Amino acid sequence: MAYLRFNALETAQGRQPLPVIAPTERLTDYYGVHTFSKEVMRALLSPEAYLRIAEAIDTGGRIDRDIADEVANALKSWAVSKGATHYTHWFQPLTGSTAEKHDSFFDLASDGKAIEKFKGSALVQQEPDASSFPSGGLRNTFEARGYTGWDPSSPAFLMDNGAGGKTLCIPSVFISYTGEALDYKTPLLKSLAAIDKAATAVCQYFDRNIDKVTPTLGIEQEYFLVDKALFVARPDLVMAGRTLFGHSPARGQQLEDHYFGTIPPRVNAFMVDFEFEALKLGIPVRTRHNEVAPGQFEVAPTFEEVNLAIDHNALLMDLMQKIAEKHGFKVLFHEKPFAGINGSGKHNNWSLGTNTGVNLLGPSSKPKETLRFIAFIVNVVKAVHDHADLLRASIASAGNEHRLGANEAPPAIMSVFLGDTLTKALDDLENKSEISLSKGDNVYYKLGLNRIPSLIRDNTDRNRTSPFAFTGNKFEFRAVGGGANSASTMIVLNTIVADQLIQFRRDLEARLENGEKKELAVVEVLKQYYRASKRILFEGNGYSDEWVAEAEKRGLSNIKSTPDALKVYLKPESIDLFARLNVMNHAEVEARYEIELEKYIKNVQIESRVMGDLAINHVVSTALKYMNQLATTAKSLVDLDMINEAQPVKAIIRELSARVVVIKKNVEAMIESRKRANNLTNSAEMARQYATEVKDYFDVIRYEVDKLELLIDDDDWPLVKYREMLFVK
Ligand code: ADP
Ligand code: MG
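Residues numbered from 1 in each chain as written. Chains lettered and ligands numbered in written order. Predicted model: local features only at pLDDT ≥ 70, side-chain atom pairs only at ≥ 80, totals over all residues. Heavy atoms only, no water.

S.K.: Describe the overall build of the protein, listing the residues and the values that go with them.
M.R.: For the protein, the count of helices and strands is 28 helices and 17 strands. Each principal axis of the C-alpha atoms in the protein carries an extent, and together these give about 105 × 80 × 55 Å. Put simply, 76% of the contacts in the protein that link residues at least 6 apart link residues at least 24 apart. Mean positive and mean negative side-chain charge positions of the protein (87 and 97 charges, respectively) differ by 1 Å. (Helix = DSSP H or I, 4+ residues; strand = E, 2+ residues; numbered from the N terminus. Contact = heavy atoms within 4.5 Å. Lys, Arg positive; Asp, Glu negative; His and termini not counted. Charge placed at Lys NZ, Arg CZ, Asp CG, Glu CD.)

Have a look at this one:
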């Protein structure tokens, strides 16, 4: 009898939905109460300090020491009044999760009395013991320590510390002592500055009032929920975040009934609960629904400025994990926790907003603004075309490897979907031959720009299989992994678009200097761009085999493995690009590449070890016991002279035995292959060995184990089954 599995099932089945009570009746009363928001600052700071902070938030400027002291004091009083005992610089190291080191406000005054203390210097800068965070060699090369620095553009917030008290969390960057970025936020902020500058300069051709462009991001987060007891009974989920074995359930997602179904009560309680907490933290969560796969769900907040949206997503993931514990769940953010069932992505809805309140990727009813809209669309398409491989690199990870190109998620081929109407408008523009203008002509009408806007707005065609789709007023990058930090992708997207916009301006200027009329010059440059990048556009089924063949014909990359995808970071063009835009220097790009490789190696290594352990110590041992049982049965039948009846029993024993032999042989070979990989000193070679050799054994071993699951008595099967993990709620 598989005690662990059946006890876990009993626990899971006995759980009831927890009652959840709204903080107060009106959302507006508790929204953001746990954040040190602009409103709180306005109330607590002197007008001068407030202005300086507001300025720093808007322009990313520095803050003087005396202002920092005042802010620190206000922050401390506010936090302590709300029950905070500790503070921490909260940052996002390249491991992919968030990190914090808590310090107490508590201090002793010279007279020995207890006081609460928090100085400006402690707010602005901290030195966590950084030696255990990945640095890709940066700290070794430069200096042993790293430090964290306050990012005033993301508001400080309060987190429950689990023991009744709260911790004040201060969003921060994390850099080496010599100034190299060791985190996601630092280059992200630089990429945001780069695109602001480049896009604003382009906007100036169309509207002089635009002096700031802010990229916006709305992250739809997909996830699975598994009962905590069942989770603990699956060592692969605990250690690797995904199931390495498990036969598909009789009923998977083929009925597609989960998507439209009602949310199970226990899940609903969990959602309502974490949403309340998220709203208190100022995370504008808005939608919740079931996803396609059984046990899969989605949460999406309203879009925000990119840096804030990413902090909020990271915080939301932490929060969901914490609240899930209370409800007896575990949240899986892994890209592909269950084979044969949809994986989880993080759809990055991205656009550009201006200080004048305009969405640059939103069609307008004014022909003049339509030209600007088209200009931004075409430049984004060109950027994605020219740097598709870099975009692919930005989403490369061991987990996402299972999702990309796995016949359900966006493929590993980067393509852009624009929709019929917009494509037609661009085709028309491209085919327009030289336009001659007479006096009094309306250039926008002549260009046909008056007809486009309403068409696009009325036309909501969608393509769910495109990795990078225009969805009416934004682009949706769907290939980002569910467990990823979106900054990795946003750094690349902002950088490539910024670079493209700079190029656009240069090409435009060349024509303007020749005396061309501005609107016509814009159209001419866009025509060229469109022609040069058209092959990246694809409107059909991105999951189909035809597309793979077609993409190859078009010369588009289809980079399947993570180590291959990551290599693109090291190309001289990539290093130049990041340096040119002042986003990352050479050493920082290299370090990131090394860290991603290291993460990949460790991931596959852990999976391989867990796989070997489960296969031999859980599955094979169970199979042997079962064979013994069957042998006794067969013998008894023979003793009873039931020779024929003993035949099928013997056949099962033979099949079990054959499968056990294959498993044993392949696990041993996998271990040997791992040893060879581990002996390599070059991390790129090691990663390749893991990707091409070690991983090759996974499918073979899994195939046999999953067959055994069908053969062995259900009472004895040691691993919680797919149907139990996916359907017990
Ligand atoms: P749909 O996928 O059906 O378009 P929504 O309209 O709800 O769904 O949008 C999905 C996500 O896109 C949400 O997080 C939403 O806030 C975000 N979004 C909407 N407009 C923008 C924008 N201008 N910039 C960035 N994200 C946006
Ligand atoms: Mg969507």
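S.K.: I'd like a rundown of the pairing of strand S10 (residues 285-290), residues and numbers included.
M.R.: Alignment of S10 against strand S11 (residues 296-301), held across five bridges, turns out to be antiparallel. Paired with valine 285 across the strands is proline 301, a residue of S11. Linking S10 to S11, which pair antiparallel, is a turn of five residues; within it glycine 295 sits at a positive phi near 80 degrees. (Pairing = 2+ DSSP bridges.)

S.K.: How would you summarise helix H23 (residues 572-580) if you had to cite specific residues and measurements?
M.R.: Buried within H23 we find Ser574, Ile575, Leu577 and Phe578. All buried residues of H23 project into a common sector of 160 degrees when viewed along the axis, lining one side. Exposed positions of H23 whose direction lies more than 90 degrees from the buried face are Pro572, Glu573 and Arg580. Directly after H23, the chain includes asparagine 582, whose backbone phi takes a positive value near 60 degrees. (Buried < 20%, exposed > 50% of the residue type's maximum accessible area, 1.4 Å probe, protein only. Arc of directions from axis to C-beta.)

S.K.: For the packing of aromatic side chains, give the residues involved together with the corresponding values.
M.R.: Evaluation of the coordinates by the stated rule reveals 21 aromatic pairs. Ring centres of tryptophan 90 and phenylalanine 157 lie 5.2 Å apart, and the angle between their planes is 85 degrees; this geometry places the pair in the edge-to-face category. Taken together, the positions of tryptophan 90 in strand S1 (residues 84-90) and phenylalanine 157 in strand S7 (residues 157-160) put the pair 67 residues apart, joining distant regions of the chain. Among the residues examined, tryptophan 90 registers a relative accessible area of 2% and is labelled buried. Each ring, one from phenylalanine 91 and one from phenylalanine 174, has its centre 4.7 Å from the other, and the planes form 45 degrees; the classification is tilted. Here the residue phenylalanine 91 occupies a position in the loop between S1 and strand S2 (102-104), and phenylalanine 174 occupies one in strand S8 (residues 166-176), the gap between them amounting to 83 residues. Of note, arginine 266 hangs over the ring of phenylalanine 329, and the distance from its end group to the ring centre comes to 4.0 Å. The positively charged end of lysine 382 is found above the aromatic ring belonging to tyrosine 529, 4.9 Å away from the centroid. (Phe/Tyr/Trp six-rings, centres within 6.5 Å; stacked < 30°, edge-to-face > 60°. Lys NZ or Arg CZ within 6 Å of the ring centre and 35° of its normal.)

S.K.: Break down the site of ligand 1 for me, with residues and values.
M.R.: Lining the immediate surroundings of ligand 1 are Thr216, Leu217, Gly218, Glu220, Pro301, Thr302, Phe303, Asn349, Ser351, Asn359, Arg462 and Lys474. The separation between a nitrogen atom of ligand 1 and a polar side-chain atom of threonine 216 is 2.8 Å. Lysine 474 is positioned with one of its side-chain polar atoms (N or O) 3.1 Å from an oxygen atom of ligand 1. Protein coverage of the free-state accessible area of ligand 1, which is 550 Å², stands at 76%. Among the secondary structure elements, those contributing two or more residues to the shell around ligand 1 are strand S9 (213-227) and strand S14 (346-354). Looking at the shell around ligand 1, the element that brings in the most residues is S9, giving four residues. For the shell around ligand 1, the residue count by class is three nonpolar, six polar and three charged. (Near = heavy atom within 4 Å. Polar contact = N/O pair within 3.5 Å; in protein donor to acceptor, adjacent residues only side chain to side chain. Areas by Shrake-Rupley, 256 points an atom, 1.4 Å probe, with all protein chains shown as cover. Nonpolar A, V, L, I, M, F, W, Y, C, P; charged D, E, K, R; others polar.)

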